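# Results of the structural survey
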Amino acid sequence: MSTTTTLNVNGKDHSVDAEPDSMLLYALRNDLKLHGPKFGCGLSECGACTIIMDGSAIRSCVTPVSAAQGKKITTLEGLGTPEKPHPLQQAFIDEQAAQCAYCINGIIMTAKAFLDHNPKPSRDDIKQALNGNLCRCGTHMRIVRAIERAAKHGGQA
């Protein structure tokens, strides 16, 4: 049975009619038209659907809508704009870290939550933080350099 759930996404409240156990990813993409989180594996294994909820990177493909009630959600759209990208997004642009860009949104969201908690990471810290995000394009070193660049330019990205 569908119920109305209020989601706070990117600083704004939204009402969503959905089954409480339906996945948050679908509410974000289909109801709110936020296409930053991507459907990848649907099993919480690839990281393409990563968003930030109450400061932690989570997989929206396995998170029920009901679990997001009363939480603060940030998607890629909540970081920056094409005209004024977030410093972390700018670092990815500067390092040309995206190729197909399918996984990059999830990687950026994982990196954002990581840098918020660890503003001066080592290269090994970054690699460990991204261990759960899959990228088949082979830009791994560019991704790591982008996160290092963002960390050097302000700590918390």
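Scope of this entry: the structure provided in the associated data block. (Residues numbered from 1 in each chain as written. Predicted model: local features only at pLDDT ≥ 70, side-chain atom pairs only at ≥ 80, totals over all residues. Heavy atoms only, no water.)

On to the packing of helix H2 (residues 87-94) against helix H3 (residues 104-117), then. The geometry of a pair of packed helices is captured by two quantities: the angle between their axes and the separation between those axes. The N-to-C vectors of H2 and H3 enclose an angle of 130°; their axes lie 10 Å apart at closest approach. With respect to H3, the axis of H2 lies oblique. With respect to the hand of their crossing, H2 and H3 are arranged in right-handed fashion. Seen from H2, the contacting residues are Leu 88, Gln 89 and Phe 92; seen from H3, they are Ile 104, Ile 107, Ile 108, Ala 111, Lys 112 and Leu 115. Class assignment for the residues of the contact of H2 with H3 results in seven nonpolar, one polar and one charged. (Axes fitted to C-alpha atoms, helices over the stretch in contact; angles between N-to-C directions. Helix = DSSP H or I, 4+ residues; strand = E, 2+ residues; numbered from the N terminus. Parallel < 35°, antiparallel > 145°, perpendicular 65-115°, else oblique. Left-handed = near helix turned anticlockwise from the far one by under 90°. Contact = heavy atoms within 4.5 Å. Nonpolar A, V, L, I, M, F, W, Y, C, P; charged D, E, K, R; others polar.)

Grouped together as the largest cluster of nonpolar side chains are 25 residues, with contacts concentrated most on Leu 88, Phe 92, Ile 107, Ile 143 and Ile 147. With eight residues, H3 is the largest single contributor of residues to this core. Among all residues touching Ile 147, those that are not within four sequence positions of it are Leu 88, Phe 92, Ala 111, Leu 115, Ile 126 and Leu 130. In this structure, Val 9, Leu 28, Ile 58 and Val 65 belong to the second largest nonpolar core, which totals 15 residues. (Core = buried A, V, L, I, M, F, W, Y, C linked by side-chain atoms within 4.5 Å. Buried < 20%, exposed > 50% of the residue type's maximum accessible area, 1.4 Å probe, protein only.)

So, on to the pattern of salt bridges. Taken as a whole and judged by the stated rule, the model has five salt bridges. A salt bridge links Asp 94 to Arg 149, with the nearest nitrogen and oxygen atoms 3.5 Å apart. Within this pair, whereas Asp 94 is found in helix H2, its partner Arg 149 is found in helix H5 (residues 140-152), the two being separated by 55 residues in sequence. Using a relative accessible area of 39% as the deciding quantity, one classes Asp 94 as partly exposed. The salt bridge partner of Arg 123 is Glu 148, with a shortest N-O separation of 2.8 Å. Placement of the pair is Arg 123 in helix H4 (residues 123-129) and Glu 148 in helix H5, with a sequence separation of 25 residues. Look at Arg 123 and you get partly exposed, because its relative accessible area is 33%. (Salt bridge = Lys/Arg side-chain N within 4 Å of Asp/Glu carboxyl O.)

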